Structures are given as C-alpha cells and as structure tokens.
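# Examination of the molecular architecture
Read off the chains here:
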Amino acid sequence: MARLNAHDRQSQIIELLNNNGSMKATELADYFSVSRETIRRDLNTLSENGSIKKGFGGAIAMNDFTTLPIDSRLLDEHDAKKRIVQKALSFIPDHGFIFLDTGSTTLSLALQLKNLSGYTIITNSIPVLTTLIDSKNHLIFLGGECDSEVMASVGVQVIELLKTLRVDIAFLGSAGFEHHHGPATNAFADGQIKSCAISCSQTSIVLSDSRKAKYSSFQQYASWSDIDYLISDTDFPQETASQLQKSTNVILV
C-alpha cells in the first residue's frame, strides 16, 4: 500500500472500523505499514474528534455492530441470513435439544423457531430469550452475569450449568475470523461459553454471513476441526472456503 498522509489514513481507519467493528493498533499499523506510534497518534486524533472510541490496544467504531441493538443487525445481509437459517433448520431433529448462541444470525434462527414447537432450546442470549419466551418450545435460560456488549449472560454460573447438559446441536455465531484458524469472537467471556457449548453438543454448526471471512476479530474460540459445519452465503471467498473444507464441512447457500 502506498504511504498515505495522516488525513487520508485516518479516513481509511474510520472505514475499516465501520466495516470490522474493532481492530487492534498492531493490525492497523501492519495494514498501513506505519509505526504503532503513528497509529496511536491517529487514534488519539480520531477519538478526540468523536470519530471512534479507543479501546484497550486498539479502537472501536462509533457504530460498532457488536454493540448495536441486535434487531438493527438483523437488517444486515438479510437475504443471506434468511438462506443460512433455512439451511440450519434442516439439521434440527424432531423434538431436538438445541443450544442457540449470541449474535444476529442465531437470533434469525430463533425467530423461525418461534413459529415451531416441540424443541428444547438452551441459550444464554437475552434477545433469543425474549424472542422465544412465549413460543411453544421448552426454553432453558443459562443465567449468570449480564454482559451488555454481547447481550447475554456470561461467567462461571453459565459454564457450570452448560457442562451438565448434552444437546443435539449447538448453533454458534462468529465475529470476523480472517487470520484465525477457527471461528472467533470479540469478547473473551463469550468465547468461553461458545467453547463449552461445542464440547457438550453432538453436532456443532457455525452460522456466519460471508462478511465475517473478510476481517479479523479478537479471539479464536475453537479450531475449525472442532466444528462440524460452517453455513454461510455464496459471497463467501472461494479460496477461503476451499481451505476451510480441509477442516470442516462448508455449506454455501
């Protein structure tokens, strides 16, 4: 990349953060081929003028999709999420026991399950809970400390209860996983619960629109070899899909 002046670089930083939600300072320094000190000055300038929010070791977009209300995120990639959810439904056995993770795509799945009956649904997601509370399914909420960032309960109480359960399918979300070797999240506590859900499920399925393959988030919570299926849309990068097929079953719809 050609060396940019400060104004142009800062404009691109805002665009990258709007697309990715958050990025580390080291990632931005590598991206622009500049020093961390240069990026630190850029982030200070952008934070002072209200364009971004500084976080530990990096920055967060002012419209970070990880903190937007979940309902608004359902509008993003709506058609892709709809196809992903329809495919996900085909994996659920009659009267199945299902774990539903946090995230907008798993919430889209919950909205479909709301119109069905006879399933046992386990979740720590507050939006999933409120969506399914009056459905004709058996709903189990994993209570614990509430995390406003991921709109879910987290912590040792959730993990200890989840360890006692066995489910047919765990449907998991993911933040950006480029440069990772598995699905990822932006919150450490959220990653712990996702990992636990994988270990107590017979089948684990990551539901993710193709945008998540094009940027990197904070923490990998599992290896792709731990995941049975990745269901995404047909805009998923073909080279990445071919690489992931070596470790898991990739289904593009």
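Along each chain, numbering runs from 1 in the same order as the chain's sequence is written. Under the rules for a predicted model, residues below a pLDDT of 70 receive no local features and side-chain atom pairs below 80 are neither given nor counted, while totals for whole chains, interfaces and linings still include all residues. Excluding hydrogens and water, the side-chain figures rest on all heavy atoms present in the structure.

On to the overall build of the protein, then. Only DSSP runs of H or I with at least four residues qualify as helices, and only runs of E with at least two residues qualify as strands; both kinds are numbered from the N terminus onward. Counting its secondary structure elements, the protein contains ten helices and 14 strands. Its C-alpha atoms put the protein at 60 × 40 × 30 Å along the principal axes. In this analysis, two residues are considered to be in contact whenever any of their non-hydrogen atoms come within 4.5 Å of each other. Contacts in the protein between residues at least 24 apart in sequence constitute 60% of all its contacts with a sequence separation of at least 6. For the protein, the computed accessible surface area is about 11900 Å², with 50% contributed by carbon and sulfur atoms. Only the protein chains shown count as covering a residue, and every accessible area follows the Shrake-Rupley method with a 1.4 Å probe.

Here the focus is the state of the cysteines. The criterion for a disulfide is a pair of cysteine sulfur atoms lying within 2.5 Å. Evaluation of the coordinates by the stated rule reveals zero disulfides. Looking at cysteine 146, it has no disulfide partner, and the nearest cysteine sulfur is the one in cysteine 196, 18 Å off. Cysteine 200 supplies the cysteine sulfur nearest to cysteine 196, a cysteine that is in no disulfide, at a spacing of 5.5 Å. Taking relative accessible area as the criterion, cysteine 196 reaches 7% and is therefore assigned buried. Whether a residue is buried, partly exposed or exposed follows from its accessible area with a 1.4 Å probe, protein chains only, as a fraction of its type maximum: under 20%, in between, or over 50%, in that order.

Attention now goes to the packing of helix H8 (residues 156-163) against helix H9 (residues 188-199). For every element, the axis is a line fit to its C-alpha atoms; helices are fit only across the contacting stretch, and the angle between N-to-C directions ranges from 0 to 180 degrees. It is at 10 Å that the axes of H8 and H9 come closest, and there the two elements cross at 5 degrees. When the interaxial angle is binned, H8 and H9 end up roughly parallel. Listed contacts from H9 to Val158, Ile159, Leu162 and Lys163 of H8 are Gln192, Ile193, Cys196 and Ala197. For the contact of H8 with H9, the residue count by class is six nonpolar, one polar and one charged. The cut-offs work like this: below 35 degrees is roughly parallel, past 145 is roughly antiparallel, 65 to 115 is roughly perpendicular, and the gaps in between are oblique. We call Asp, Glu, Lys and Arg charged. Ala, Val, Leu, Ile, Met, Phe, Trp, Tyr, Cys and Pro are nonpolar, and the rest, Gly among them, are polar.

Note: two strands are recorded as paired if DSSP finds a minimum of 2 bridges between them. With parallel pairing, the seven strands of this open sheet are ordered in space as S6-S5-S4-S9-S11-S13-S14. The open sheet has two free edges, formed respectively by strand S6 (136-141) and strand S14 (249-252), since each of these has just one partner strand. Here the average twist between neighbouring strands, direction ignored, is 25 degrees. Of the strand pairs in this sheet, strand S4 (residues 97-100) and strand S9 (residues 167-172) are connected by three bridges, and their pairing is parallel. Counterpart to leucine 100 in the pairing with S9 is phenylalanine 171. Relative to the sheet, helix H5 (residues 78-89) contacts S9, strand S11 (201-207), strand S13 (229-232) and S14, its axis offset from that of S13 by approximately 145 degrees. Its contacts with the sheet put helix H6 (residues 104-113) on S4, strand S5 (117-123), S6, S9 and S11, and the angle it makes with S4 is roughly 140 degrees.

What you tend to see is this: most non-glycine residues have negative phi, and most peptide bonds are trans. Of note, the phi angle at serine 33 is positive, near 55 degrees, even though the residue is not glycine. Mapped onto the elements, serine 33 comes out in the loop between helix H2 (25-32) and helix H3 (36-48). Even without glycine at this site, histidine 179 takes up a positive phi of about 75 degrees. As for its position among the elements, histidine 179 is in the loop between S9 and strand S10 (184-185).

It is worth spelling out the environment of leucine 142 at this point. Of note, leucine 142 is situated in the loop between S6 and strand S7 (145-147). When its relative accessible area of 0% is taken as the criterion, leucine 142 is described as buried. A C-alpha to C-alpha distance of 7.5 Å links leucine 142 and leucine 162, two positions 20 residues apart in sequence.

On to the environment of leucine 129, then. Here leucine 129 shows up in helix H7 (residues 126-132). It is 9.7 Å that separates the C-alpha atoms of leucine 129 and leucine 100, two residues lying 29 residues apart in sequence. Leaving out residues up to four positions away in the same chain, leucine 129 has contacts with Thr123, Leu139 and Phe141.

Here the focus is the nonpolar core. Here, nonpolar core refers to any group of buried Ala, Val, Leu, Ile, Met, Phe, Trp, Tyr and Cys residues whose side-chain atoms link them within 4.5 Å. Grouped together as the largest cluster of nonpolar side chains are 31 residues, with contacts concentrated most on Phe99, Leu162 and Leu172. Looking at this core, the elements that each hand over two or more residues are strand S8 (152-154), H8, S9, H9 and helix H10 (238-244). Considering every element that reaches this core, the biggest residue donor is H9, with four residues. Among all residues touching leucine 172, those that are not within four sequence positions of it are Phe99, Asp101, Thr106, Lys194, Ala197, Ile198, Ser204, Ile205, Val206, Leu207, Tyr221 and Ile227. Core analysis: the next-biggest nonpolar cluster, separate from the first, contains 20 residues, Ala110, Tyr119, Phe171 and Ile205 among them.

Of the positions making up H2, those classed as buried are Ala25, Leu28, Ala29 and Phe32. Looking straight down H2, one finds its buried side chains confined to an arc of 100 degrees; they lie on one side. Looking one or two residues past H2, serine 33 carries a phi angle of roughly 55 degrees, positive in sign. The arc refers to the directions leading from the helix axis to the C-beta atoms.

As far as function goes, none of this settles anything; it's purely spatial.
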